[in-house]
Amino acid sequence: MIDLRSDTVTRPSADMLAAMTSAPLGDDVYGEDPTVNALEERVAGLLGHEAGLFTVTGSLANILGVRSLVPPGGEVLCEASAHIARAELGAHAAVSGVTTRTWSASSGQIDLEQIRALIAPDLGPYFVVTSAVSVENTHNFGGGSIQHGYDVLADELDARGIPLHLDGARLWNAGVATGRPVASFASRAAAASVCLSKGLGAPVGSVLVGSVELIREARIWRKRLGAGWRQAGVLAAAGLYAVEHNVERLAEDHANARAIAEVLADAAPGSVKPDQVETNIVVADLAATGRTVAEVVAGARDAGVLIGGVGATQLRVVTHLDASAADCRTAAEILARLIG
Ligand SMILES: *Cc1c(COP(=O)(O)O)cnc(C)c1O
């Protein structure tokens, strides 16, 4: 099977496993796991922040990051298809008492006009207070898109004194695709999360970064939520390996995604715009093809390719380090036959 449902499906390589089995370990609840401490320090440094916190998932890093910026009863603004609004199962409300209002934009982009209209810093005792704005970069359901208005929004929020939360699950992809250091994005946010388990190929793990105080508080909340962990260095070692070895190669995933998009655009014109495929995610719209998502997903599975549906008419194809250029070519040809 060629599995292009997500970049989370990768398995640790032999070298990554070797790093995991030889990592020095300790009890992280006591702050004594040297490998966890090294990972937190390394990722915080890469992202231009004082401190980091290793978490089991990106969702947990986002829950801790948003709640550090938004008090119970406050709101965070985000794009309507953001992971924090759509794919964290209401955690920010259910766990933290945080509400959301959303703007909606093609490819999940920042829309400064809409955000300005939503921001309600203090409209009196009758309205919810905007405590933070969250941006996803790259944007998952937006098709792996890079946020082109990121710096302008960060400047505006700085001027207004409203903190930015960055869901950087795939910030590494944004860095490689733009040639910018990831710190140039993450340091603009008061709290930022990154995933190690997506394109970087670690089996588990994310890191939240922020100030020393923000991370100290997040560490308490992580424990309160039952997610303190002990010899987690066995997992942090995979993350350290991933950060050292698997970032630059994301360019290959981006080239493979673009190549898939070109094949699909030839087979079903209008289903995807290859020049809008900026990173490792291809979202193809089947509306004009006369095929349903279920049909194409099932047909692809029968032909040995796994892909996902992300909307009534949309397919998502995600490239990653366990899918070679040849695998991606084969998958593209199979999908082209199904949608053409
Ligand atoms: C995957 C992802 C996360 C975190 O997902 P987990 O499965 O909880 O690790 C957060 N944000 C975005 C945009 C993602 O794609």
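Residues numbered from 1 in each chain as written. Predicted model: local features only at pLDDT ≥ 70, side-chain atom pairs only at ≥ 80, totals over all residues. Heavy atoms only, no water.

Once that is clear, we can look at the overall build of the chain. Within the chain, the regular secondary structure consists of 14 helices and twelve strands. What you see for the chain is a C-alpha radius of gyration of 20 Å, in line with the 20 Å of a compact globule of 340 residues. The principal-axis extents of the C-alpha atoms in the chain amount to approximately 55 × 55 × 35 Å. Excluding contacts between residues fewer than 6 apart, the proportion of contacts in the chain whose partners are at least 24 apart in sequence is 74%. For the chain, the accessible surface area stands at approximately 13,800 Å², while carbon and sulfur atoms represent 54% of it. For the chain, the distance from the average site of its 26 positive side-chain charges to the average site of its 38 negative ones is 4 Å. (Helix = DSSP H or I, 4+ residues; strand = E, 2+ residues; numbered from the N terminus. Rg over C-alpha atoms; globule rule 2.2 N^0.38 Å. Contact = heavy atoms within 4.5 Å. Areas by Shrake-Rupley, 256 points an atom, 1.4 Å probe, with all protein chains shown as cover. Lys, Arg positive; Asp, Glu negative; His and termini not counted. Charge placed at Lys NZ, Arg CZ, Asp CG, Glu CD.)

One water molecule sets the probe size; rolling that probe over the atoms shows where empty space is left. Looking at the largest pocket, its volume works out to about 540 Å³. What lines the largest pocket is a set of 26 residues, and nearest its centre among them are S107, G142, G143, Q276 and V283. Top contributing element to the lining of the largest pocket by residue count: strand β9 (residues 281-285), with four residues. There are two domains that each give the lining of the largest pocket at least three residues, and those are domain 1 (14-245) and domain 2 (249-339). (1 Å grid on protein atoms, 1.4 Å probe; cavity = no way out; pocket = protein on both sides within 12 Å on 5 of 7 lines; lining within 4 Å. Points joined across faces, edges and corners; volume = space filled by probe spheres on them. Domains from an automatic or database assignment.)

Domain assignment breaks the chain into domain 1 (14-245) and domain 2 (249-339). Measuring from the centre of the C-alpha atoms in domain 1 to the corresponding centre in domain 2 gives 28 Å. Counting residues at the interface gives 18 residues for domain 1, matched by twelve residues for domain 2. Here domain 1 packs against domain 2, burying approximately 1,300 Å² in sum over the two surfaces, 54% of which is carbon and sulfur. (Buried area = accessible area lost by both parts, 1.4 Å probe.)

Moving on, we come to the sheet that holds strand β12 (residues 314-318). As summarised here, the arrangement of the three strands in space is β9-β12-β11, forming an open sheet in which the pairing is antiparallel. Of all strands in the sheet, those bounded by a partner on one side alone are β9 and β11 (308-309). Strand direction decides the pairing type here: β11 and β12, joined by two bridges, are antiparallel. Opposite G309, over in β12, you have L315 as the bridge partner. Those strands touched by helix α13 (residues 293-302) are β11 and β12, and its axis lies near 35 degrees from that of β12. (Pairing = 2+ DSSP bridges. Axes fitted to C-alpha atoms, helices over the stretch in contact; angles between N-to-C directions.)

Here we take up the pattern of salt bridges. Scanning all chains against the criterion turns up 15 salt bridges. We note a salt bridge from E40 to R219, for which the minimum N-O separation is 3.2 Å. A residue pair is termed long-range when its members are at least 10 positions apart, and E40 in helix α2 (residues 34-46) and R219 in helix α10 (residues 212-224) qualify at 179 residues. E113 is the partner of R116 in a salt bridge, and the nearest nitrogen-oxygen pair spans 2.7 Å. (Salt bridge = Lys/Arg side-chain N within 4 Å of Asp/Glu carboxyl O.)

Assignment of secondary structure puts D27 in the loop between α1 (14-21) and α2. Looking at D27, its side chain comes within polar contact range of the side chain of R230, at 3.2 Å. Not counting chain neighbours up to four residues away, the residues in contact with D27 comprise E32, D33, W229, R230 and Q231. (Polar contact = N/O pair within 3.5 Å; in protein donor to acceptor, adjacent residues only side chain to side chain.)

Right, let's talk about the site of the ligand for a bit. Near the ligand, the surroundings consist of T57, G58, S59, N62, H83, E88, E136, N140, D167, A169, R170 and K198. A distance of 2.7 Å is found between a nitrogen atom of the ligand and a side-chain nitrogen or oxygen belonging to D167. At a separation of 2.8 Å, an oxygen atom of the ligand approaches a polar side-chain atom of R170. In isolation the ligand has 380 Å² of accessible area, and contact with the protein removes 84% of it. Examining the composition of the shell around the ligand, we find that three residues originate from one element, helix α3 (residues 58-69), more than from any other. Looking at the shell around the ligand, its residues break down into one nonpolar, six polar and five charged. (Near = heavy atom within 4 Å. Nonpolar A, V, L, I, M, F, W, Y, C, P; charged D, E, K, R; others polar.)

This structure, assessed with the given rule, holds two cavities of 30 Å³ or more. When its volume is computed, the largest cavity comes out at roughly 50 Å³. H83, E136, T138, N140, D167, A169, R170 and K198 are the residues that line the largest cavity. When grouped by side-chain class, the residues that make up the lining of the largest cavity number one nonpolar, three polar and four charged. Roughly 40 Å³ of internal volume is contained in the second largest cavity. If you go around the second largest cavity, the residues you meet are C78, E79, A82, W103, G108, Q109, I110, S134, V135, E136, H139 and Q147. If you list the elements that add at least two residues to the lining of the second largest cavity, you get β3 (75-79) and β5 (130-136). Among the elements that make up the lining of the second largest cavity, the one with the highest residue count is β5 (three residues). Taken together, the residues of the lining of the second largest cavity sort by class into five nonpolar, five polar and two charged.

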